[in-house]
Amino acid sequence: NAGVMQNPRHLVRRRGQEARLRCSPMKGHSHVYWYRQLPEEGLKFMVYLQKENIIDESGMPKERFSAEFPKEGPSILRIQQVVRGDSAAYFCASSPRDRGANEQFFGPGTRLTVL
Amino acid sequence: AQSVTQPDIHITVSEGASLELRCNYSYGATPYLFWYVQSPGQGLQLLLKYFSGDTLVQGIKGFEAEFKRSQSSFNLRKPSVHWSDAAEYFCAVGALPGSSNDYKLSFGAGTTVTVRA
């Protein structure tokens, strides 16, 4: 059973471009969480999604950031018009049910660098 | 508000020596505490977790952690380190299962462990 997959592992964008980060949860998992790790800081919760629903996006910046988890395919974290401050590691986690911080399985992360 | 502090950014330890990683947390209710490890190129792997019972909890790979409520600490230890333990270690805190927002973990900045031969 493959773990949580994230791609790309490394992404370089110039200021003003769009970044799309993909996350494929573990087989059988229908709940996805995105976290961001800024340099020298811990992972910070961004958003919690179920299939076709955003459950909690309280950690998402108000502008330029969006997330989706369609019925088919991976979850996508989209950052429009990237700025240097968006450079960070973005981690995705999945779980088999809607409750359970103890049930989150993490992917290897996507390192975004904005030039 | 919940927060986690890992005071040591980087620790170097000799193979076979003991290891202790510090973690202090701030949380307004009974915390659910975790230690994760991230090896290079891998996702975060859960080492152990705690929210009640014996304050010394055993995890995988020979790790253990001790919860000290009076010190708001949850330090991770291993008696004898192996070269494969070189990795980054994260302490995290969350709400108890069944609580609102129990999925929302707060992480420390991590401690990188280097093992020398």
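Residues numbered from 1 in each chain as written. Chains lettered and ligands numbered in written order. Predicted model: local features only at pLDDT ≥ 70, side-chain atom pairs only at ≥ 80, totals over all residues. Heavy atoms only, no water.

The subject of this paragraph is the overall build of chain B. When helices and strands are tallied, chain B shows 0 helices and 12 strands. Reading chain B from its N terminus to its C terminus gives the helix and strand order β-β-β-β-β-β-β-β-β-β-β-β. Relative to a compact globule of 117 residues, whose C-alpha radius of gyration would be 13 Å, chain B shows 14 Å and is just as compact. Seen through its C-alpha atoms, chain B measures out along the principal axes to roughly 45 × 30 × 25 Å. Looking at chain B as a whole, 44% of its 117 residues are labelled buried. Nonlocal contacts in chain B, meaning residues at least 24 apart in sequence, comprise 56% of its contacts between residues at least 6 apart. Summing over all exposed atoms, chain B offers an accessible surface of approximately 5400 Å²; the carbon and sulfur share of this is 49%. Charge centroids of chain B, computed over 9 positive and 9 negative side chains, lie 3 Å from each other. (Helix = DSSP H or I, 4+ residues; strand = E, 2+ residues; numbered from the N terminus. Rg over C-alpha atoms; globule rule 2.2 N^0.38 Å. Buried < 20%, exposed > 50% of the residue type's maximum accessible area, 1.4 Å probe, protein only. Contact = heavy atoms within 4.5 Å. Areas by Shrake-Rupley, 256 points an atom, 1.4 Å probe, with all protein chains shown as cover. Lys, Arg positive; Asp, Glu negative; His and termini not counted. Charge placed at Lys NZ, Arg CZ, Asp CG, Glu CD.)

Moving on, we get to unusual backbone geometry. Residue and element names in this part refer to chain A. Backbone torsion omega between N7 and P8 reads -5°, so that peptide bond is classified as cis. One non-glycine residue, E52, lies in positive phi territory at about 65°. Here E52 falls in the exposed class, since its relative accessible area comes to 58%. Its identity is not glycine, yet Q81 carries a phi of approximately 45°, on the positive side.

This is a description of form; function is not addressed.
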